[in-house]
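Commentary on secondary and tertiary structure
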Amino acid sequence: MDATLIGAIIHAILVASTPLVFAGLGALIQERAGVLNLGIEGLMIVGALAGFVVALSGQPLALSVVAAAGAGAALALIFAILVLRLEANPVATGLALTLFGLGVAALFGAQYVGASAPPVKAWSIPVLSDIPVLGRALFAHDPLVYGSVLLAIMLWWFLNKTRGGLILRAVGEDHDAAHAMGFSVIGVRFLAICLGGAMAGVGGAYLTLVQTPMFVEGMTAGRGWIALALVVFAAWRPLRVLLGAYLFGSVTILQLHSQALGISIAAQWLSMLPYLATVVALVVISARGVQGTSAPASLGKTFRVSR
Amino acid sequence: MKGFGTKAVALAAALVLAACSDNEQASAPEGSSDRVKAGFIYVGPVSDGGWTYEHNQGRLAVEAAFGDKVETTFVESVSEGPDAERVLSQMANDGADIIFTTSFGFMNPTVKVAEQFPNVKFEHATGFKRADNLATYSSRFYEGRHVLGLIAGQMTKTNTIGYIASFPIPEVVRGINAAYLAAKSVNPDVQFKIIWVSTWFDPGKEADAAKALIDQGADILMQHTDSPAAMQIAEQRGIFAFGQASDMAAHGPNAQLTSIIDDWAPYYIERVGAVIDGTWSSSDTWGGFNTGMVALAPYGAAVPDDVKAMAEEARIAISEGRLHPFTGPVNKQDGSPWLAAGETADDGTLLGMDFYVEGIEGSLPSGQ
């Protein structure tokens, strides 16, 4: 295996992982606020369609991304109203959101099947991208790859270093206490859900804008579920979501390359790996029994002011 | 709290069930019992731009051919397994006269449901189990693969052909072997790199596989998966590719050399016509270039004239029965002899093909 190939593999891993980074962070911000949203897959595909439609009309990438984020946030808003205002069961509502998103995207996407969007140009970072092997692997990407890394760092900073982040975590850990301290639990969760929906939408749009610039129904192919597993695997920490996504991405890409190199591992095992890794991570977390590294205490619980 | 949890699970299950059954669509009003009802079960979405798309074109051709005399229904994106059995029974209960199940993985569900509904006619694509009310049909796609292999062998500069494969079933293995033998016959140095993606339809994964193959030196891609993702990547990276099941030139105007096109319309019209006339009987149809069930998309501009001429000659020779893509001497991958010089493969061996021919590297993944 020569250096150019290794560079190409790393490049492909970053591309394959980027939708997972966005969607994983989108699930994470909601879960840190105490909201379990199983609708990530639906949010992703709606974002994928919205981003693609805008890109098809010849608009710049930034506008496509905004459209995808908007579509994700809009669908997430429905979830927020159902779960926070009408106090619907979050698990059932999340599943419904996935099914609804897939269906709605298939319905409105049917007319765009067969169209190809213009490929997104890479932003090569001067100097850095000239480094042999690693330069092309790490610094010759489309803007969204850099954006996903930046988003992970910003989210980490927000959650750990700002007052806003502290409030969000307080709402996720103990919503009654947060409420007693005068914070608007419902308000914080509304915001978290919409932001998370926007991120998941961008994650989906990465598929239709960069990875395969076309739209077909069901093309997220379970990535939303991997993103949910990823958050658990990462013990609800943004930077670990980033690493975990790259790990999951590596598994996919290395498996393909190993086959082409003539090393065969049963593909079924490798498809299982993200979920197996999540189970192992859960076991490790609970074996250590450390407070604060595991799930937010109020995750998935319905908050009622009147109580 | 306990009751609440159970309720949530029940609700979730109900939602999933509801979603599974609501992609069924009827295209004609109900209640006209004198019409022949033809049902179709698809493994992917009608809009996949490949395999399922072409089956649906066949269904539309049946409607166009018989007008008021038929009524067709279809269910798309049916998973291969117990769910297929449920969908099939429902279709039979709803009064279908003939049901086409259009993927290899529907074989056992179709056999089972055919036993329960002896008065309904079943037609299973690409399988090998038959009964009095269960016919099988398929196309000799390997004939098309032979022509693709000839073109690829002559046009590759890196001597490396990338092949994106779905599942190690005979149909797919046969395609790889046919393409390889043809490529090898015109280019002794040719090498096939094969990636199994374990899916018929996941554009993201198909694209990743295409990139991996290109990064490893492939300059021509073949695929046995259903989406045009690989074609699109080939176009972006400036290499060539062959489409699958449908003309994919829209996704790779410069990249597509040609494409195998499945044309199911003649068969579907013939079989539904037989039900209308009351002459239907169980049979095994395996049509190729000669029946029009396998066709090729127009050759791409990049194909040189001499290659084009050779490809056309092979297509006509196969169509007229003068050429068989599997003609000896051919050894199996392990070196054991399969076909003696001049001997051609029999259909039984082809239908159950579970080995690579000599010269292909790597091992076949264990079957599904």
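Reading the values: the criteria
Residues numbered from 1 in each chain as written. Chains lettered and ligands numbered in written order. Predicted model: local features only at pLDDT ≥ 70, side-chain atom pairs only at ≥ 80, totals over all residues. Helix = DSSP H or I, 4+ residues; strand = E, 2+ residues; numbered from the N terminus. Buried ≥ 20, exposed ≤ 12 C-beta atoms within 10 Å, placed from the backbone. Contact = placed C-beta atoms within 7 Å. Rg over C-alpha atoms; globule rule 2.2 N^0.38 Å. Domains from an automatic or database assignment. Nonpolar A, V, L, I, M, F, W, Y, C, P; charged D, E, K, R; others polar. Pairing = 2+ DSSP bridges. Axes fitted to C-alpha atoms, helices over the stretch in contact; angles between N-to-C directions. Core = buried A, V, L, I, M, F, W, Y, C linked by C-beta atoms within 7 Å. Expected span 1.5 Å × (residues − 1). Bend = angle between axes of the 7 residues up to and from the residue. Parallel < 35°, antiparallel > 145°, perpendicular 65-115°, else oblique. Left-handed = near helix turned anticlockwise from the far one by under 90°. pLDDT = per-residue confidence, 0-100. Right-handed = clockwise from strand over helix to strand, strands pointing away.

Topic: the overall build of chain A
Within chain A one finds 12 helices and two strands. Along chain A, helices and strands appear, N-terminal first, in the series α-α-α-α-β-α-β-α-α-α-α-α-α-α. Principal axes of the C-alpha set define a box for chain A whose edges measure 65 × 50 × 40 Å. The buried share among the 307 residues of chain A stands at 51%. Counted over contacts in chain A with a minimum sequence separation of 6, partners at least 24 positions apart contribute 79%.

Here we look at the overall build of chain B
When helices and strands are counted, chain B shows 11 helices and 15 strands. Its C-alpha radius of gyration of 22 Å places chain B within 12% of the 21 Å reference for a compact globule of 368 residues. If one aligns the C-alpha atoms of chain B with their principal axes, the spans along those axes are about 60 × 60 × 40 Å. For chain B, the residues scored as buried account for 50% of the 368 residues in total. Sequence-distant contacts, at least 24 apart, represent 65% of the contacts inside chain B between residues at least 6 apart.

A few points about the environment of phenylalanine 141 of chain B
Residues and elements named next belong to chain B. With respect to the secondary-structure elements, phenylalanine 141 resides in helix 5 (residues 141-155). The class for phenylalanine 141 is buried, based on 23 C-beta atoms found within 10 Å. Separated by 119 residues in the primary sequence, phenylalanine 141 and isoleucine 260 place their C-alpha atoms 7.5 Å from one another. Dropping the residues within four chain positions of it, phenylalanine 141 is found in contact with Gly175, Ile260 and Val294.

So, the domain arrangement of chain B
How big an interface is tends to be stated in terms of accessible area lost as the parts join. Residue and element names in this part refer to chain B. By the assigned domains, chain B splits into domain 1 (34-140 + 264-291) and domain 2 (141-261 + 294-320). Among the elements that make up the side of domain 1 that touches domain 2, the one with the highest residue count is helix 2 (residues 51-66) (four residues). Among the residues making up the side of domain 1 that touches domain 2, the classes are represented as five nonpolar, eight polar and three charged.

Here's the deal with the sheet that holds strand 13 (residues 294-296) of chain B
Residue and element names in this part refer to chain B. The strand order 8-7-9-10-11-13 describes an open sheet built from six strands, whose pairing is mixed. Each of the sheet's edge strands pairs with one partner strand only, and the pair in question is strand 8 (191-196) and strand 13. Averaged over all pairs of adjacent strands, the angle between their axes in this sheet comes to 20 degrees, without regard to strand direction. Inspection of the sheet shows strand 7 (residues 160-165) paired to strand 8 by six bridges, in the parallel sense. Counted as the bridge partner of threonine 160 is glutamine 191 from strand 8. Running at roughly 170 degrees to strand 7, helix 6 (residues 170-186) makes contact with strand 7, strand 8 and strand 9 (220-223) of the sheet. Set on the sheet, helix 8 (residues 229-237) makes contact with strand 7, strand 9, strand 10 (240-243) and strand 11 (256-262); between it and strand 10 the angle comes to about 160 degrees.

Here's the deal with the nonpolar core
Counting residues in hydrophobic clusters, the biggest one holds 201 residues, and the most contacted among them are Leu230 of chain A together with Ile195, Ala210 and Leu221 of chain B. Examining the composition of this core, we find that 16 residues originate from one element, helix 9 (residues 185-211) of chain A, more than from any other. In terms of domain composition, this core takes at least three residues from each of domain 1 (34-140 + 264-291) and domain 2 (141-261 + 294-320) of chain B. Residues contacting isoleucine 195 of chain B, with those up to four places away along its chain left out, are Leu256, Gln259 and Ala260 of chain A together with Ile164, Ala165, Ala209, Ala212 and Leu213 of chain B.

What to know about helix 9 of chain A
Residue and element names in this part refer to chain A. Along its 27 residues, helix 9 runs 38 Å from first to last C-alpha, staying within 8% of the 39 Å computed at 1.5 Å per residue. A bend of about 30 degrees at alanine 205 is the largest found in helix 9. In terms of burial, helix 9 is a largely internal element, 24 of the 27 residues being buried.

So, helix 2 (residues 40-56) of chain A
The α-helix winds at 3.6 residues per turn, so residues separated by three or four positions along the chain end up facing the same way. Residues and elements named next belong to chain A. Its 17 residues give helix 2 an end-to-end C-alpha distance of 24 Å, which sits within 8% of 24 Å, the value for a rise of 1.5 Å per residue. Most of helix 2 sits out of view: 16 of its 17 residues are buried. Where helix 2 ends, the next residue or the one after it, glycine 58, has phi of about 85 degrees, a positive value.

A closer look at the environment of leucine 25 of chain A
Residue and element names in this part refer to chain A. Mapped onto the elements, leucine 25 comes out in helix 1 (residues 3-32). Between the alpha carbons of leucine 25 and lysine 161 there is a distance of 17 Å; along the sequence they are 136 residues apart. Aside from chain neighbours lying at most four places away, what touches leucine 25 is Leu151, Ala152, Leu155, Met199, Pro238 and Val241.

Quick notes on the pairing of strand 11 of chain B
All names here are of chain B. Counting buried residues in strand 11 gives seven out of seven residues, a clear majority hidden from the surface. Strand direction decides the pairing type here: strand 10 and strand 11, joined by two bridges, are parallel. By the bridge assignment for strand 11, alanine 241 is matched with glutamine 256.

Some remarks on the packing of helix 11 (residues 238-260) of chain A against helix 7 (residues 203-215) of chain B
Contact geometry for helix 11 of chain A and helix 7 of chain B: axes closest at 9 Å, N-to-C directions at 45 degrees. On the basis of their axis angle, the class for helix 11 of chain A and helix 7 of chain B is oblique. Between helix 11 of chain A and helix 7 of chain B lies a crossing whose hand is right-handed. Contact with helix 11 of chain A, carried on its side by Thr252, Ile253, Leu256, His257 and Ala260 of chain A, involves Asp208, Ala209, Ala212 and Leu213 of chain B of helix 7 of chain B and no other residues of that element. Residues of the contact of helix 11 of chain A with helix 7 of chain B, tallied by class, amount to six nonpolar, two polar and one charged.

Some words on the packing of helix 10 (residues 223-233) of chain A against helix 11 of chain A
Residues and elements named next belong to chain A. Running from N to C, helix 10 and helix 11 cross one another at 125 degrees; their axes reach a closest spacing of 9 Å. On the basis of the axis angle, helix 10 is oblique to helix 11. Seen along the crossing, helix 10 lies across helix 11 with a hand that is right-handed. Of the residues in helix 11, those touching helix 10 at Ile226, Leu230, Val231 and Phe233 are Val241, Gly244, Ala245 and Phe248. Residues of the contact of helix 10 with helix 11, tallied by class, amount to seven nonpolar, one polar and no charged.

Some thoughts on the environment of glycine 70 of chain A
Residue position: glycine 70 of chain A is located in helix 3 (residues 61-85). Residue glycine 70 of chain A is classed as partly exposed on the basis of its 18 C-beta neighbours within 10 Å.

Section: the interface of chain B and chain A
Between chain B and chain A, the residue contacts involve 37 residues of the former and 39 residues of the latter. When residues of the side of chain B that touches chain A are traced back to their parent elements, those giving at least two are helix 1 (2-21), strand 8, helix 7 and helix 8 of chain B. It is helix 7 of chain B that provides the largest number of residues to the side of chain B that touches chain A, a total of nine residues.

Observations concerning the confidence of the model for chain B
All names here are of chain B. In the predicted model, chain B carries a mean pLDDT of 88, and 90% of its residues have values of at least 70. A low-confidence stretch, residues 1-32 stays under pLDDT 50, and its non-local contacts, those more than four residues away or across chains, total 26 contacts. Overall fold confidence (pTM) sits at 0.82, and the ipTM for the predicted complex is 0.82.

Comments concerning the pairing of strand 4 (residues 98-101) of chain B
All names here are of chain B. Here strand 4 shows no split at all, with Ile98 and Phe100 on one side and Ile99 and Thr101 on the other all buried. Examined bridge by bridge, strand 2 (residues 36-41) and strand 4 share four bridges and lie parallel to one another. Across the sheet, alanine 38 pairs through a bridge with isoleucine 98, a residue of strand 4. In the sheet, strand 4 pairs with strand 5 (residues 121-125) via four bridges, with the strands oriented parallel. Of the residues in strand 5, the one forming a bridge with threonine 101 is histidine 124. Crossover connection from strand 4 via helix 4 (residues 107-116) to parallel strand 5: handedness right-handed.

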